[in-house]
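Single-letter residue listing:
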Amino acid sequence: MVDGGQALLERDAALARIDQCLRDAIAGAGSLLLLEGPAGIGKTRLVVAAGQHGRELGLTALSARGSELERDFAYGLVRQLFEAPLVAASPLERADLLSGAAGHAATLFGVAAGRDDIADALLDPSFAILHGLYWLCANLGRRTPLLLCIDDVHWADQASLRFLHYLGRRLQELPIAVVAATRPAGPVDGSPLLAALAADPSVEVLELAPLSQQAVAELMGLAFGTDVEPAFAAACHEVTGGVPFLVRELLRTIAEERIEPTSAACSRVAGLPRRARSRTRSCTG
């Protein structure tokens, strides 16, 4: 499979799992698939591919991305997902989407909702918004099967993480698929809510592995349009660890330095990835 003009190698199992989750959602059996791996491993490209495939299958795809600079803003990720479709909806459509308990979420988006019934009025305020967001998703999914594509969940605000945890436990009978990507929750600075989300039995966690030496050689062959000597491919795999982002940055540097992919040039490869590694802090994949 090619994504964005670049080969998406050794991700067949992940793509097949995404495809099945989307088709299950169309059939009315929702799920939350969490793609997990370190920076640069290719999570973002899979989330993008999921969105593209979902639209091809007829799902309504909504996207959001966590940000290190915005993680202190409550429900920031949730607003990214739902604000645009709510604002773009006609008054009649918006009233339908926010009907019933979904009206509790209206204040998050600065739109009006219908009156709450007596039962809804008794809900605890801290629970009411979660309950309202769940029913907003259900109302959206009732119109067409729904796909939520969420990248960089490790930078999500805590309120949005709480909503994902709440939603994930209630998807089984809804036409809603959630494909989310995250770095593993660290033992010291990781979010307890993120760790709880990944550990929940209702959430499927798919850990992404680095590329093999063969895949690195294939990417190099595609980039250079020529055969790559095995020793050179092995050297490139060793210095990048098979991390796709680092491989692509290394290929760019090799091209800039006009290095031929031969065994004689192996010694020149060792110092090249340093620039790429310095950029992984801002890498989202």
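Residues numbered from 1 in each chain as written. Predicted model: local features only at pLDDT ≥ 70, side-chain atom pairs only at ≥ 80, totals over all residues. Heavy atoms only, no water.

Trainee: Help me out: how do you make sense of the confidence of the model for the protein chain in this one?
Mentor: With 87% of its residues at a pLDDT of 70 or more, the protein chain has an overall mean of 88. Within the model, pLDDT remains below 50 along residues 1–5, and this stretch shows 11 contacts once partners closer than five positions in the same chain are excluded. (pLDDT = per-residue confidence, 0-100. Contact = heavy atoms within 4.5 Å.)

Trainee: Help me understand the packing of helix H10 (residues 213–224) against helix H12 (residues 244–256), please; the structure alone is not making it clear to me.
Mentor: Packed helices, taken two at a time, are described by the angle between their axes plus the distance between the axes. Relative orientation of the contacting elements H10 and H12 amounts to 40 degrees, with a least axis distance of 11 Å. With respect to each other, H10 and H12 are oriented oblique. You can see that H10 and H12 cross each other, and the crossing is right-handed. Of the residues in H12, those touching H10 at Val216, Leu219, Met220, Ala223 and Phe224 are Val247, Leu251 and Ile254. Looking at the contact of H10 with H12, its residues break down into 8 nonpolar, no polar and no charged. (Axes fitted to C-alpha atoms, helices over the stretch in contact; angles between N-to-C directions. Helix = DSSP H or I, 4+ residues; strand = E, 2+ residues; numbered from the N terminus. Parallel < 35°, antiparallel > 145°, perpendicular 65-115°, else oblique. Left-handed = near helix turned anticlockwise from the far one by under 90°. Nonpolar A, V, L, I, M, F, W, Y, C, P; charged D, E, K, R; others polar.)

Trainee: Can you walk me through the sheet that holds strand S3 (residues 31–36) in this structure?
Mentor: In a beta sheet, neighbouring strands are held together by backbone hydrogen bonds and run either parallel or antiparallel to one another. With respect to topology, 5 strands assemble into an open sheet ordered S4-S5-S6-S3-S7, the strand pairing being parallel. Across the chains shown, the open sheet's two edge strands, defined by having one partner strand only, are strand S4 (60–65) and strand S7 (203–207). Strand-to-strand twist in this sheet, taken as the mean axis angle between neighbours without regard to direction, amounts to 15 degrees. Pairing geometry for S3 and strand S6 (residues 176–182), over 6 bridges, is parallel. The partner of Leu34 across the bridge, within S6, is Ala180. Sheet strands touched by helix H1 (residues 12–26): S3, strand S5 (146–151), S6 and S7. Its angle to S3, the strand with the most contacts, is close to 160 degrees. Docked against the sheet, helix H3 (residues 76–88) engages S4 and S5, running at close to 145 degrees with respect to S4. (Pairing = 2+ DSSP bridges.)

Trainee: Explain the nonpolar core to me, please; I cannot follow it from the model alone.
Mentor: A general tendency of soluble globular proteins is for nonpolar side chains to be buried together. With 46 residues, the main nonpolar core has Phe82, Phe109, Leu133, Leu136 and Leu148 as its most contacted residues. Considering each element in turn, this core owes the most residues, 8 residues, to helix H7 (residues 125–143). In this structure, Phe109 is in contact with Val78, Arg79, Phe82, Glu83, Leu86, Leu133 and Leu136, ignoring residues within four places of it in sequence. Within the second largest apolar cluster, 22 residues are counted, among which are Ile18, Ile41, Val47 and Cys149. (Core = buried A, V, L, I, M, F, W, Y, C linked by side-chain atoms within 4.5 Å. Buried < 20%, exposed > 50% of the residue type's maximum accessible area, 1.4 Å probe, protein only.)

Trainee: When you look at the pattern of salt bridges in this model, what are you seeing that I'm missing?
Mentor: Where side chains of opposite charge bring their charged atoms close, a pairing between them can arise. What the rule picks out here adds up to 7 salt bridges. The partner of Arg23 in a salt bridge is Asp19, with the nearest N and O atoms 3.0 Å apart. With Arg23 and Asp19 both in helix H1, this residue pair falls 4 residues apart, about one helical turn. Judged by relative accessible area, which is 42%, Arg23 ranks as partly exposed. Since its relative accessible area comes to 18%, Asp19 is described here as buried. The residue Arg65 makes a salt bridge to Asp152 at a minimum N-O spacing of 3.4 Å. You can see Arg65 sitting in strand S4 and its partner Asp152 sitting in the loop between S5 and helix H8 (158–168), a full 87 residues away along the chain. (Salt bridge = Lys/Arg side-chain N within 4 Å of Asp/Glu carboxyl O.)

Trainee: What am I meant to see in the packing of aromatic side chains here?
Mentor: How two aromatic rings sit relative to each other is given by the distance of their centres and the angle of their planes. Under the defined criterion, the tally for this structure stands at 4 aromatic pairs. Between the aromatic rings of Phe82 and Phe163, the centroid separation amounts to 6.3 Å while the plane-to-plane angle is 80 degrees, which identifies the pairing as edge-to-face. Here Phe82, found in helix H3, pairs with Phe163, found in helix H8; they are 81 residues apart in sequence, far enough to count as distant. Phe82 gets classed as buried once you look at its relative accessible area, which sits at 0%. Assessed through its relative accessible area of 0%, Phe163 is described here as buried. (Phe/Tyr/Trp six-rings, centres within 6.5 Å; stacked < 30°, edge-to-face > 60°.)

Trainee: What is the right way to read empty space enclosed by the protein from this model?
Mentor: Rolling a probe over the atoms, with the probe sized like a water molecule, indicates the empty space that remains. Across all of its chains, the model carries 1 cavity of 30 Å³ or more by this definition. Within this model, the largest cavity holds a volume of roughly 50 Å³. In terms of lining, the largest cavity is formed by Arg65, Gly66, Ser67, Glu70, Arg71, Gly76, Leu77, Gln80, Trp155, Ala156 and Asp157. The element that contributes the greatest number of residues to the lining of the largest cavity is H3, accounting for 3 residues. (1 Å grid on protein atoms, 1.4 Å probe; cavity = no way out; pocket = protein on both sides within 12 Å on 5 of 7 lines; lining within 4 Å. Points joined across faces, edges and corners; volume = space filled by probe spheres on them.)

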